[in-house]
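In case you want the letters, here they are:
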Amino acid sequence: MFDVDSRKLISDSMRDPMHGIHAISFSADGRYLIAGAGKTVRIWDTASGLPVGKPMVGPADDIQALAVSPDDHQIATIGSFFGDGRRAPIRLWPGPAVWPDRLCDKLSANMSHREWNEWVSPSIPYRKACQNLPVAPDAGT
């Protein structure tokens, strides 16, 4: 990510071994960056630079463009043309707005502050991922 005004690199933590990104978009609120390449769609949290979930892999399409719905509930991708001139079908993927709900439904607590410092970074301020869940106690406290 680059700062447009200063033209300086802000972060290179969103690199991905997807063999070149062909399509990119931000979520409506700018909180997520969505990228597509090959048959993979990946979502990053723009504040932390960390991926959100695992890459989503679909059928063998060469993603050429993507769009995010205004409510961030769906991502649409389209691939390149087939050999006979027909365009590959539009594929729909779950958007970034549904990821926290999917994750939080499977958890009983947020990370503890110790876990955050170990697994995310002590230099990134702690943030509850699931607002309706408690923060796990630090081990030994």
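Residues numbered from 1 in each chain as written. Predicted model: local features only at pLDDT ≥ 70, side-chain atom pairs only at ≥ 80, totals over all residues. Heavy atoms only, no water.

Enquirer: Before we go on, may I ask you to explain the overall build of the protein chain in this structure?
Expert: Along its length, the protein chain carries two helices and nine strands. Taken from N to C terminus, the helices and strands of the protein chain fall in the order β-β-β-β-β-β-β-β-β-α-α. The buried share of the protein chain, reckoned over its 141 residues, is 33%. If you take every contact in the protein chain between residues at least 6 apart in sequence, the share linking residues at least 24 apart comes to 38%. Total accessible area computed for the protein chain in this model is approximately 9,000 Å², and 57% of it derives from carbon and sulfur atoms. (Helix = DSSP H or I, 4+ residues; strand = E, 2+ residues; numbered from the N terminus. Buried < 20%, exposed > 50% of the residue type's maximum accessible area, 1.4 Å probe, protein only. Contact = heavy atoms within 4.5 Å. Areas by Shrake-Rupley, 256 points an atom, 1.4 Å probe, with all protein chains shown as cover.)

Enquirer: Can you help me understand the sheet that holds strand β4 (residues 32-37) in this one?
Expert: Adjacent strands of a sheet pair through backbone hydrogen bonds, lying either parallel or antiparallel. If you walk across this open sheet you meet the four strands as β3-β4-β5-β6, and the pairing is antiparallel. Two strands close off the open sheet at either side, each with one partner strand: β3 (23-26) and β6 (56-57). (Pairing = 2+ DSSP bridges.)

Enquirer: Help me out: how do you make sense of the pattern of salt bridges in this one?
Expert: A side chain with one charge may pair with a side chain of the opposite charge, provided their charged atoms come close. The final tally for this structure, using the stated rule, is three salt bridges. Across the pair Asp 45 and Arg 31 runs a salt bridge, and its minimum N-O distance is 3.8 Å. In this pair, Asp 45 sits in strand β5 (residues 40-45) while Arg 31 sits in the loop between β3 and β4, placing the two residues 14 residues apart along the sequence. Look at Asp 45 and you get buried, because its relative accessible area is 4%. With a relative accessible area of 35%, Arg 31 lands in the partly exposed category. Where salt bridges share partners, they join Arg 31, Asp 45 and Arg 127 into one cluster. (Salt bridge = Lys/Arg side-chain N within 4 Å of Asp/Glu carboxyl O.)

Enquirer: I would appreciate a short explanation of the sheet that holds strand β9 (residues 90-94) in the present structure.
Expert: Within the open sheet, the three strands sit side by side as β7-β8-β9. Their pairing is antiparallel. A single partner strand is all that each edge strand has here, and the edge strands are β7 (63-68) and β9. Strand-to-strand twist in this sheet, taken as the mean axis angle between neighbours without regard to direction, amounts to 25 degrees. Relative to β9, strand β8 (residues 74-79) is paired through five bridges, and the arrangement is antiparallel. Bridging across to β9, Ile 75 finds its partner in Trp 93. (Axes fitted to C-alpha atoms, helices over the stretch in contact; angles between N-to-C directions.)

Enquirer: Sorry if this is basic, but what is going on with the nonpolar core here?
Expert: Generally speaking, nonpolar side chains in soluble globular proteins are found buried as a group. By size, the foremost hydrophobic cluster in this structure holds twelve residues: Ala 23, Tyr 32, Ile 34, Val 41, Ile 43, Val 52, Met 56, Ile 63, Leu 66, Val 68, Ile 75 and Trp 93. Elements with a minimum of two residues in this core: β4, β5 and β7. By residue number, the principal contributor to this core is β7, which donates three residues. (Core = buried A, V, L, I, M, F, W, Y, C linked by side-chain atoms within 4.5 Å.)

Enquirer: What is the right way to look at the environment of Ile 90 in this model?
Expert: Within the secondary structure, Ile 90 is located in strand β9. Taking the C-alpha atoms as reference, Ile 90 lies 7.2 Å from Gly 79; in sequence the two are eleven residues apart. With near-sequence residues (within four places) excluded, Ile 90 lies in contact with Ala 76, Thr 77 and Ile 78.

Enquirer: Help me out: how do you make sense of the environment of Ala 129 in this one?
Expert: By secondary structure assignment, the location of Ala 129 is in the segment after α2 (113-119). Through-space distance from the C-alpha of Ala 129 to that of Ala 109 is 9.4 Å; in sequence the pair is 20 residues apart. Those residues in contact with Ala 129 that lie beyond four places of it in its chain are Cys 104 and Asn 110.

Enquirer: Can you walk me through the environment of Val 120 in this structure?
Expert: Take Val 120: it is sitting in the segment after α2. The exposure class assigned to Val 120 is partly exposed, which follows from its relative accessible area of 22%. For the pair formed by Val 120 and Ser 48, sequence separation is 72 residues and the distance between their alpha carbons is 8.5 Å. Discounting chain neighbours no more than four positions away, the residues touching Val 120 are Leu 50, Met 111 and Glu 115.

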